[in-house]
Amino acid sequence: MDFIFVSVLSRQENNLTSISRGISKAKCSEMNIPQLRVGTLDELISLSDDLHKADLYMEGVTHKLTHQLGELKSSKAELIEAITADRRPLEQYLARFDWDSRRFNVKLSVRDISNQLKELVTKIEMEMKGRVQSYNQLKSKLQAEDRKTQGTLLIRSLVDIVTSDHVVGDSEFLTTLLVVVPKYAYSEWESSYAKLTEFVCPGSSELVTEDSDYGLFTVTLFKKIVDDFKAAAREKKFTVREFEYQEDEVQTSLEERDQMMHDFKEKHSQLSDWLQLSLDEAFTSWVHIKALRLFVESVLRYGLPPRFTYFALAHTPDNERKVRNDLKKLYGDYDKTNIGGGDDTVDIPGMQHGEYFPYVSASLKLQYFIK
């Protein structure tokens, strides 16, 4: 659902019953926007422009928060469930909008309330950048660790594969090498490894593991002929991995990765919770900016004293034109300009930037959040 917010003069005929009867393709509800402190005409015109910019800015921030939250959720359904406004579904919040006087004191001027809202959302955006950057850094580090365990046996890490059972213990003369052999060359390896150089221990070769293309074999030999064995193996297309098993280092590496995984899961959960709460706060602030716009543009359009009635019209995107046409039938007599219809573009006080309607109007599209 999308929403059109409308402000009209408070008249007996401008009630919820009459507008509900006149609008066939929307669910109508009344909005509670209080009378606010107004300044001079020049101040209101300037404020109208500033509120338009704040509206666009807050829309952008809420979209960023939604995108980041979506990156952390496992499904669209989970994301939609997580998106709330004042801890309620967005449609319910908008359909029953009630100015939050606890957060935004109506005794303040419209300019002060506007600044308060912008400062709040700006703070959220700045904190979001820091939190997301920290999360992505840890994610990249973990992905780099994961890549070490991916790929063929020619390049992947052997830390999580080789154990103390695969190598000789602390020996003054002997050592164990780890050799990657193509699968098609297993027979050649078995028949030739002990003959590649002298001082190779016969029967010492053991298949440790294999992937789709290669197998990882051990071979035990004297330390003094390691370089000769590597050269001879290279001629046979056998690859000796540069790996020395150190139990303490292996254990430390595994523990560090486990800790990194734990930290990542914790940061993922914390960021998800923060984004959900911050999106709620940013969205409600954005809607309050729209309420300020309705009030300021109503004063500019209809004049003082500020006696206005506000409605929220929930409609499907494909019914927007029908709803606008119905609104024009209801409030076309408000048009004291010589502008023909909603397709004209003008610049007068109290109109929505870029389009004109006989009544004061603002809109909010929920498609980005719940599509």
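This text follows the structure it describes.
Here the structure is a predicted model, which is why all the values come from computation and not from measurement.

Chemist: I keep staring at helix 7 (residues 226-235) and nothing clicks. Help me out?
Modeler: Residues three or four positions apart in an α-helix share a direction because the helix packs 3.6 residues into each turn. All buried positions along helix 7 are accounted for by V226, F229, K230, A232 and A233. Tucked into the core, helix 7 has its buried residues touching strand 3 (174-182), helix 6 (186-192), strand 5 (214-222) and strand 6 (239-241). K237 lies just past helix 7 and shows a positive phi near 70°.

Chemist: Explanation requested: a nonpolar patch on the surface in the structure shown.
Modeler: On the surface, F173, F199 and F222 cluster together into a nonpolar patch covering about 280 Å² of accessible area. For F173, the location among the structural elements is in the loop between helix 5 (110-148) and strand 3.

Chemist: Where do I start with the sheet that holds strand 2 (residues 27-31) in this structure?
Modeler: Sheet strands associate in pairs through backbone hydrogen bonding, adopting either a parallel or an antiparallel arrangement. Reading across from one edge, 2-7-1-8 is the order of the 4 strands in this open sheet, with antiparallel pairing throughout. Taken across any chain shown, the strands that pair with only one partner, and hence form the sheet edges, are strand 2 and strand 8 (360-365). Averaged over all neighbouring strand pairs, the angle between strand axes comes to 25°, with direction disregarded. Sheet topology places strand 2 next to strand 7 (residues 308-315); 5 bridges connect them, and they run antiparallel. Note on strand 7: the bridge partner recorded for C28 is L313. Across the sheet, helix 8 (residues 247-302) lies against strand 1 (2-9), strand 2, strand 7 and strand 8, angled at about 160° from strand 8, the strand it touches most. Seen against the sheet, helix 9 (residues 320-331) touches strand 1, strand 7 and strand 8 and runs at an angle of roughly 5° to strand 1.

Chemist: Can you walk me through the pairing of strand 7 in this structure?
Modeler: It is a general feature of regular strands that their side chains alternate between the two faces of the sheet. Most of strand 7 is tucked away: 8 of the 8 residues are buried. By the alternation rule, side chains of strand 7 split into F308, Y310, A312 and A314 and T309, F311, L313 and H315, which are all buried. Looking at chain direction, strand 1 and strand 7 are connected through 8 bridges and run antiparallel. Counted as the bridge partner of L9 is F308 from strand 7.

Chemist: Please clarify how the layout of surface pockets should be interpreted in this entry.
Modeler: To find leftover empty space, a probe the size of one water molecule is rolled over the atoms. Taken as a whole, the largest pocket holds about 510 Å³ of empty space. In terms of lining, the largest pocket is formed by 22 residues, of which the most central are V168, T175, T176, E244 and Y245. The set of elements that each furnish at least two residues to the lining of the largest pocket consists of strand 3, helix 7 and strand 6. Top contributing element to the lining of the largest pocket by residue count: strand 3, with 5 residues. Looking at the lining of the largest pocket residue by residue, the class counts come to 9 nonpolar, 6 polar and 7 charged.

Chemist: Could you clarify how one ought to interpret the sheet that holds strand 3 in this entry?
Modeler: Strand order in the open sheet formed by 4 strands is 4-5-3-6, and the pairing between neighbours is antiparallel. Of all the strands in the sheet, just strand 4 (206-210) and strand 6 have a single pairing partner and so form its edges. Recorded for the sheet is a direction-independent mean angle of 35° between the axes of neighbouring strands.

Chemist: Would you mind going over the nonpolar core with me for this structure?
Modeler: Nonpolar side chains in soluble globular proteins generally cluster together in the buried interior. Ranked by size, the top nonpolar core spans 78 residues in total, and within it F5, L65, L94, F283, L292, L313 and L327 carry the most contacts. The dominant element in this core, judged by the number of residues it contributes, is helix 8, at 19 residues. With near-sequence residues (within four places) excluded, L65 lies in contact with I124, M128, W274, L275, S278, L279 and A282. Membership of the second largest hydrophobic core comes to 19 residues, among which are V181, A185, F229 and A233.

Chemist: Looking at this structure, I do not really get the packing of aromatic side chains. What am I missing?
Modeler: The geometry of an aromatic ring pair is captured by the separation of the ring centres together with the interplanar angle, meaning the angle of the planes. One pass over the structure, following the stated rule, counts 17 aromatic pairs. Ring centres 6.4 Å apart and planes at 75° place the aromatic pair F308 and Y310 in the edge-to-face group. Residue F308 is classed as buried on the basis of its relative accessible area, which comes to 10%. An aromatic cluster is built from Y186, W189, Y193, F217 and F238, whose rings are joined through pairwise contacts. In this structure, R324 packs its charged tip against the face of F357, placed 3.9 Å from the ring centre.

Chemist: How do you make sense of the packing of helix 2 (residues 41-72) against helix 5 when you look at a structure like this?
Modeler: Helix packing geometry: the angle between the two helix axes and the distance between the axes. For the pair helix 2 and helix 5, the least separation of the axes is 10 Å and the interaxial angle reads 25°. The angle between the axes of helix 2 and helix 5 places the two elements in the roughly parallel class. At the point where helix 2 passes helix 5, the crossing takes the left-handed sense. Residue composition of the contact of helix 2 with helix 5, grouped by class: 15 nonpolar, 4 polar and 6 charged.

Chemist: Looking at this structure, I do not really get helix 9. What am I missing?
Modeler: In this model helix 9 runs 16 Å from its N-terminal to its C-terminal C-alpha over 12 residues, within 8% of the 16 Å that 1.5 Å per residue would give. For helix 9, the complete set of buried residues consists of V323, R324, D326, L327 and Y331. Each buried residue of helix 9 sits inside an arc of 160° when the element is viewed along its axis, so together they form one side. Set apart from the buried face of helix 9 by more than 90 degrees, the exposed residues are R321 and K329. Where helix 9 is buried, its residues contact strand 1, helix 1 (16-22), strand 7 and strand 8.

Rules used in this analysis
- Residues numbered from 1 in each chain as written.
- Predicted model: local features only at pLDDT ≥ 70, side-chain atom pairs only at ≥ 80, totals over all residues.
- Heavy atoms only, no water.
- Buried < 20%, exposed > 50% of the residue type's maximum accessible area, 1.4 Å probe, protein only.
- Helix = DSSP H or I, 4+ residues; strand = E, 2+ residues; numbered from the N terminus.
- Contact = heavy atoms within 4.5 Å.
- Patch = residues over 30% accessible without salt bridge, like charges linked within 9 Å, V, L, I, M, F, W, Y side chains within 5 Å.
- Areas by Shrake-Rupley, 256 points an atom, 1.4 Å probe, with all protein chains shown as cover.
- Salt bridge = Lys/Arg side-chain N within 4 Å of Asp/Glu carboxyl O.
- Pairing = 2+ DSSP bridges.
- Axes fitted to C-alpha atoms, helices over the stretch in contact; angles between N-to-C directions.
- 1 Å grid on protein atoms, 1.4 Å probe; cavity = no way out; pocket = protein on both sides within 12 Å on 5 of 7 lines; lining within 4 Å.
- Points joined across faces, edges and corners; volume = space filled by probe spheres on them.
- Nonpolar A, V, L, I, M, F, W, Y, C, P; charged D, E, K, R; others polar.
- Core = buried A, V, L, I, M, F, W, Y, C linked by side-chain atoms within 4.5 Å.
- Phe/Tyr/Trp six-rings, centres within 6.5 Å; stacked < 30°, edge-to-face > 60°.
- Lys NZ or Arg CZ within 6 Å of the ring centre and 35° of its normal.
- Parallel < 35°, antiparallel > 145°, perpendicular 65-115°, else oblique.
- Left-handed = near helix turned anticlockwise from the far one by under 90°.
- Expected span 1.5 Å × (residues − 1).
- Arc of directions from axis to C-beta.

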